[in-house]
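Remarks on the overall topology
Below are the chains, spelled out letter by letter.
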Amino acid sequence: MNLTITFFVSLLIALVGVIPPGLLNMTAAKISIKEGYSRGLVFSLGVCVIVVAQTLIAVTFARYLSQHSEVVQILQRVAFVLFVLITVYFFLLAKKETTPKIKEDRKSKRSQFFHGMFLSALNVFPIPYQAYMSITLAGLHWLTFDNVSITSYVAGAATGTFVMLYVYVFFFKKIKSKKLKSQKNMNYIIGTITGIIAIFTLINIIKDF
């Protein structure tokens, strides 16, 4: 697969993974509101350093799994259940009104960088998520596990993560001011995306029978 396409596919996959309001993007938003955009971006850079390591681990693991089809089949079934549960969760969440809570905690730029690394290291979700997605892409022949392709994929994942954190850093105030409508729509969109992934995963499982 063309390296540019690999990069942008990985970027989109990472974007989807970081869209839901969670620990990392909400912390980036909090920092930008309380301490300014620059500190929010420094925090985001710290997050992305760990994302590079996590994605590299995930793709390396995926390369190993690609040589053991029986393990991949088990992983597909587990992933299907998880994506169905996530889909249900976001559709239910869309019906509720939530107000993000922002707490004040001022740190230096250097501290925010390491703060981003620390919180990102605690968030291990990207490893199984990226491992599954890269296996899926490899199965579609959209990703090869040579070093150059892996580098392109990892770079795309880090870039996608930073882009979404950037959106939270600079546009959270606007998102918050329209929280009911925009959050509902966002949850429905995320639920739809994970639902599509679940259907796609089910099709792959059925094919293996």
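Here the structure is a predicted model, which means the values were calculated and not measured. (Residues numbered from 1 in each chain as written. Predicted model: local features only at pLDDT ≥ 70, side-chain atom pairs only at ≥ 80, totals over all residues. Heavy atoms only, no water.)

Observations concerning the overall build of the protein chain
The helix and strand inventory of the protein chain stands at eight helices and zero strands. Ordering the α and β elements of the protein chain from the N terminus gives α-α-α-α-α-α-α-α. Expressed as a percentage of the 209 residues in the protein chain, the buried residues total 43%. A separation of at least 24 residues holds for 87% of the contacts in the protein chain among residues at least 6 apart in sequence. Carbon and sulfur atoms provide 70% of the accessible area of the protein chain, an area that totals close to 11,300 Å². (Helix = DSSP H or I, 4+ residues; strand = E, 2+ residues; numbered from the N terminus. Buried < 20%, exposed > 50% of the residue type's maximum accessible area, 1.4 Å probe, protein only. Contact = heavy atoms within 4.5 Å. Areas by Shrake-Rupley, 256 points an atom, 1.4 Å probe, with all protein chains shown as cover.)

Things to note about the packing of aromatic side chains
Under the criterion given, the structure shown has six aromatic pairs. For the pair Phe-162 and Tyr-166, a centre-to-centre distance of 6.4 Å together with 45° between the ring planes defines the contact as tilted. You can see Phe-162 and its partner Tyr-166 sitting in helix α7 (residues 147-177), four residues apart, about one turn around the helix. According to the relative accessible area criterion, Phe-162 is partly exposed, its value standing at 24%. (Phe/Tyr/Trp six-rings, centres within 6.5 Å; stacked < 30°, edge-to-face > 60°.)

Things to note about the packing of helix α3 (residues 37-65) against helix α6 (residues 126-139)
The N-to-C vectors of α3 and α6 enclose an angle of 45°; their axes lie 8 Å apart at closest approach. Taken together, α3 and α6 sit at an angle that is classed as oblique. Relative to α6, the crossing made by α3 is right-handed. Residues Gln-54, Thr-55, Ile-57, Ala-58, Val-59, Phe-61, Ala-62 and Leu-65 of α3 form the contact with α6, whose own contacting residues are Pro-126, Ile-127, Gln-130, Ala-131, Ser-134 and Ile-135. Of the residues that constitute the contact of α3 with α6, the class distribution is 10 nonpolar, four polar and no charged. (Axes fitted to C-alpha atoms, helices over the stretch in contact; angles between N-to-C directions. Parallel < 35°, antiparallel > 145°, perpendicular 65-115°, else oblique. Left-handed = near helix turned anticlockwise from the far one by under 90°. Nonpolar A, V, L, I, M, F, W, Y, C, P; charged D, E, K, R; others polar.)

A word on the pattern of salt bridges
All chains considered together, the criterion is met by one salt bridge. Taking the shortest distance from any N to any O, the salt bridge between Glu-35 and Arg-39 comes out at 3.5 Å. Take Glu-35 and Arg-39: they sit in the same class, and that class is buried. (Salt bridge = Lys/Arg side-chain N within 4 Å of Asp/Glu carboxyl O.)

A short note on the side chain of Thr-55
Looking at the element boundaries, Thr-55 is found in helix α3. A residue is classified by how much of its surface remains accessible, and Thr-55, at 0% relative accessible area, is buried. The residues touching Thr-55, leaving out its near neighbours within four places in the chain, are Gln-130, Tyr-153, Val-154 and Ala-157.

A word on a nonpolar patch on the surface
On the surface, a cluster of nonpolar side chains totalling about 460 Å² of accessible area is made up of Ile-74, Val-78, Val-81, Leu-82 and Leu-85. With respect to the element layout, Val-81 can be found in helix α4 (residues 69-93). (Patch = residues over 30% accessible without salt bridge, like charges linked within 9 Å, V, L, I, M, F, W, Y side chains within 5 Å.)

Quick notes on the nonpolar core
In this structure, Ile-13, Phe-83, Met-133, Leu-137, Phe-145 and Tyr-153 are the most contacted members of the largest nonpolar core, which totals 20 residues. Secondary structure elements with two or more residues in this core: α1 (3-18), α3, α4, α6, α7 and α8 (179-208). Ranked by residue count, the leading element in this core is α6, at six residues. Apart from the residues lying within four places of it in its own chain, the contact partners of Phe-145 are Val-59, Ala-62, Arg-63, Ser-66, Ser-134, Ala-138 and Ile-150. (Core = buried A, V, L, I, M, F, W, Y, C linked by side-chain atoms within 4.5 Å.)

These figures come from the coordinates and say nothing about function on their own.
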